[in-house]
Amino acid sequence: MSPLELDRNESWLSREELDAARGRLPILYVDAVPVRVDDRGVLTAVGLLLRASDGEINRELVSGRVLYHERVRDALVRHLEKDLGPMALPQIPASPQPFTVAEYFPTPGVTPFHDPRQHAVSLAFVVPVAGDCQPQQDALDLAWLTPQEAMDPGLLADMDNGHGVLLRQAMGHLGHAV
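Residue indices begin from 1 for each chain and proceed along its sequence in written order. Where local features are concerned, this predicted model is filtered to residues with pLDDT of at least 70; where side-chain atom pairs are given and counted, the filter is 80 or more; whole-chain, interface and lining totals use all residues. Side-chain figures throughout are based on the complete set of non-hydrogen atoms in the structure, without hydrogens or water.

Structural notes on helix H6 (residues 163-173)
Restricting attention to buried positions, one finds in H6 the residues His163, Gly164, Leu166, Leu167, Ala170 and Met171. Seen along its axis, H6 keeps its buried residues to an arc of 160 degrees; they face one direction. One or two steps after H6, the chain reaches Gly175, where phi turns positive at roughly 90 degrees. Only protein chains enter the area calculation, which uses a 1.4 Å probe; residues under 20% of their type maximum are buried, those over 50% are exposed, and those in between are partly exposed. Secondary structure elements follow DSSP: runs of H or I no shorter than four residues count as helices, runs of E no shorter than two count as strands, and numbering proceeds from the N terminus. Throughout, the arc means that of the directions going from the helix axis to the C-beta atoms.

Here's the deal with the side chain of Arg51
Checked against the element boundaries, Arg51 lands in strand S2 (residues 43-53). Within 3.5 Å is the distance limit for a polar contact, defined as a pair of N or O atoms, with the added protein rule that one can donate a hydrogen and the other accept it, and that residues adjacent in sequence qualify only through two side-chain atoms. Looking at Arg51, its side chain comes within polar contact range of the side chain of Glu60, at 3.0 Å. Contacts between residues were defined by any pair of non-hydrogen atoms, one from each residue, lying within 4.5 Å. The residues touching Arg51, leaving out its near neighbours within four places in the chain, are Glu56, Ile57, Asn58, Glu60, Leu61, Asp83, Asp138, Ala139 and Leu140.

Observations concerning the nonpolar core
Counting residues in each nonpolar core, the largest one holds 25 residues, and the members touching the most others are Val33, Val46, Leu48, Leu166 and Leu167. Breaking this core down by element, the ones donating at least two residues are strand S1 (27-37), S2, strand S5 (100-104), strand S6 (120-128), strand S7 (139-145), helix H5 (153-158) and H6. Each residue touching Val46, except ones within four places of it in the same chain, is listed here: Val33, Pro34, Val35, Ala143, Trp144, Leu145, Ala150, Leu167 and Met171. Among the buried residues, those of types Ala, Val, Leu, Ile, Met, Phe, Trp, Tyr and Cys that are joined through side-chain atoms within 4.5 Å form a nonpolar core.

Looking at the pattern of salt bridges
Just to be clear on terms, a salt bridge is a Lys or Arg side-chain nitrogen sitting within 4 Å of an Asp or Glu carboxyl oxygen. Enumeration according to the criterion identifies nine salt bridges in this entry. A salt bridge links Arg59 to Asp141; the nearest nitrogen and oxygen atoms lie 3.7 Å apart. Taken as a pair, Arg59 in strand S3 (residues 56-60) and Asp141 in strand S7 lie far apart in primary sequence, 82 residues in all. The salt bridge partner of Lys82 is Asp83, with a shortest N-O separation of 3.1 Å. Residue classification places Lys82 among the partly exposed residues on the basis of a relative accessible area of 28%. Its relative accessible area of 0% is what places Asp83 among the buried residues. Members of the salt-bridge network, linked through shared partners, are Arg51, Glu60, Lys82, Asp83 and Asp138.

Details of the packing of aromatic side chains
Stacked, edge-to-face and tilted labels apply to pairs of Phe, Tyr and Trp rings (six-membered ring for Trp) whose centres lie within 6.5 Å, assigned for plane angles under 30 degrees, over 60, and everything in between, in that order. Scanning all chains against the criterion turns up one aromatic pair. With centroids separated by 5.4 Å and ring planes inclined at 50 degrees, the aromatic side chains of Tyr104 and Phe113 adopt a geometry described as tilted. We classify Tyr104 as buried; its relative accessible area is 6%. The buried category is assigned to Phe113, whose relative accessible area is 6%. A ring is considered to have a charge above it if a Lys NZ or an Arg CZ atom is located within 6 Å of its centre and within 35 degrees of its normal. Taking the ring centre of Trp144 as reference, the NZ or CZ of Arg36 above it sits at 4.5 Å.

As for the environment of Glu60
Take Glu60: it is sitting in strand S3. On the basis of relative accessible area, Glu60 is assigned to the buried category, the value being 12%. Sequence-wise, Glu60 and Asp31 are 29 residues apart; in three dimensions their C-alpha atoms are separated by 9.9 Å.

Right under this line is the structure:
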């Protein structure tokens, strides 16, 4: 095991330490909008997860914490493979650039983004995936929607914690009318 791996594994926080940190510090996250593109790079489909949380079932984006000593690129790959499966084959550039930064607050209404557990800052990316995707972990389903279906106002309104706002921003970033 390299010293880098050793530091990362031993330096992360216990559940109690993480809960204490969440009460005092913003935590870094990544959000990813998985997409399918054709040979010319034109958007053909947007992937949305179906998850059950707090007694509700909602469509969500891929999202998760960046670990200590983990590159943002590696966090994106880890969360995409965790939610979409090891054969998703995310196409992340060597130097990924977020399309926006989302700031989640535990207090609703400060921004469109809400996380009752913590203040979190998330770098949001559009990530083409080329492989076979299957919902993993706590994801119940993965739906591939056309760009028009992804912009349905009812769908966007039903997405929890501001993910609908992020999806709308991602579609605008990709040149679709919002």
